[in-house]
Amino acid sequence: MRNIKLSNVRLSFNALFEAEDFDGDKNYAYNAKFIIEKDSAADKLVREAMLEVANDAFSGKGAEVLKKVANDKAQYCYQEYDEDHMVLATKRKDKAGRPLVLDADRTPLAESDGKPYAGCYVNALIRPWAMASKGKHWVRCGLEGVQFVKDGEAFGARASVSDFDDISVDSEAVDDLL
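What you are looking at is a predicted structure, and each value in this text was computed from that prediction instead of being measured.

Parameters and conventions
- Residues numbered from 1 in each chain as written.
- Predicted model: local features only at pLDDT ≥ 70, side-chain atom pairs only at ≥ 80, totals over all residues.
- Heavy atoms only, no water.
- Phe/Tyr/Trp six-rings, centres within 6.5 Å; stacked < 30°, edge-to-face > 60°.
- Lys NZ or Arg CZ within 6 Å of the ring centre and 35° of its normal.
- Helix = DSSP H or I, 4+ residues; strand = E, 2+ residues; numbered from the N terminus.
- Buried < 20%, exposed > 50% of the residue type's maximum accessible area, 1.4 Å probe, protein only.
- Patch = residues over 30% accessible without salt bridge, like charges linked within 9 Å, V, L, I, M, F, W, Y side chains within 5 Å.
- Areas by Shrake-Rupley, 256 points an atom, 1.4 Å probe, with all protein chains shown as cover.
- Salt bridge = Lys/Arg side-chain N within 4 Å of Asp/Glu carboxyl O.
- Lys, Arg positive; Asp, Glu negative; His and termini not counted.
- Charge placed at Lys NZ, Arg CZ, Asp CG, Glu CD.
- Pairing = 2+ DSSP bridges.
- Arc of directions from axis to C-beta.
- Contact = heavy atoms within 4.5 Å.

A. Up close: the packing of aromatic side chains. Counted under the stated rule, the structure contains zero aromatic pairs. Just above the ring of Tyr 121 sits the side chain of Lys 150; from NZ or CZ to the centre is 5.0 Å.

B. Examining unusual backbone geometry more closely. Residue Lys 115 is joined to Pro 116 through a cis peptide bond whose omega torsion reads -5°. Its location among the elements puts Pro 116 in the loop between β5 (100-102) and β6 (121-133). Despite not being glycine, Asp 39 shows a phi value in the positive range, around 70°. If you trace the backbone, Asp 39 turns up in the loop between β2 (29-37) and α1 (41-57). On the basis of relative accessible area, Asp 39 is assigned to the exposed category, the value being 63%. Even without being glycine, Ser 59 reaches a positive phi, approximately 50°. Its place among the elements puts Ser 59 in the loop between α1 and α2 (62-69).

C. Quick peek at a negative patch on the surface. Together, Glu 37, Asp 82, Glu 83 and Asp 84 give the surface a local cluster of negative charge. When you line up the elements, Glu 37 lands in strand β2.

D. Molecular detail of the pairing of β6. Bridge count for strand β1 (residues 4-20) against β6 is five bridges, and the pairing is antiparallel. For Ile 4, the partnering residue across the bridge sits in β6 and is Ile 126. Where β6 meets strand β7 (residues 136-150), 13 bridges bridge the pair, whose relative direction is antiparallel. Each bridged residue has a counterpart across the sheet, and for Ala 130 the counterpart in β7 is Val 139. Hairpin geometry of β6 and β7 is characterised by an intervening segment of two residues between the two adjacent antiparallel strands and by a positive phi of about 50° at Lys 134.

E. Spotlight on α2. Of the positions making up α2, those classed as buried are Gly 62, Val 65, Leu 66 and Val 69. All buried residues of α2 fall inside an arc of 100° around its axis, so they share one side. Away from its buried face, by an angle of more than 90 degrees, α2 presents the exposed residues Ala 63, Glu 64, Lys 67 and Lys 68. Contacts from the buried residues of α2 go to α1, β3 (78-82) and β7.

Fair warning: the whole summary comes from geometry, so function is off the table for now.
The following block contains the structure:
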């Protein structure tokens, strides 16, 4: 299957700059989840691509397989997020190298640039694939690259100093916390 480019989708949980060991099994990988509006051009593109790779891998029975695995996050990477959105989970093994991460002007980005971040809008280059083994079917997506498009409201804003009270001189406040 060829790579698919999704335009202007929202980036969610991600590890784009350093591979992480998500399951504690020493299988380090990069990943990104993309939030996609239902019935959008990106949604239609993902659904078509998933059906195509499933049909290729499962002798024309792609629709049947997709229906079977639709609610299994381990077997199918495109899940309902809420009533208006889907979430696409992608992954890239560490041994394949870091995915391409670009700014809007196509210059490479580093983690220190502060973007892309969870909540911003990106273009994503994904590679759908499908396979079967031991009676199970997988329809998943590889992560090839991400291009920052525009800012969005960040998910999970970090705590700041102003979120805490100065309790250094008030021993009663400290005692109340204990």
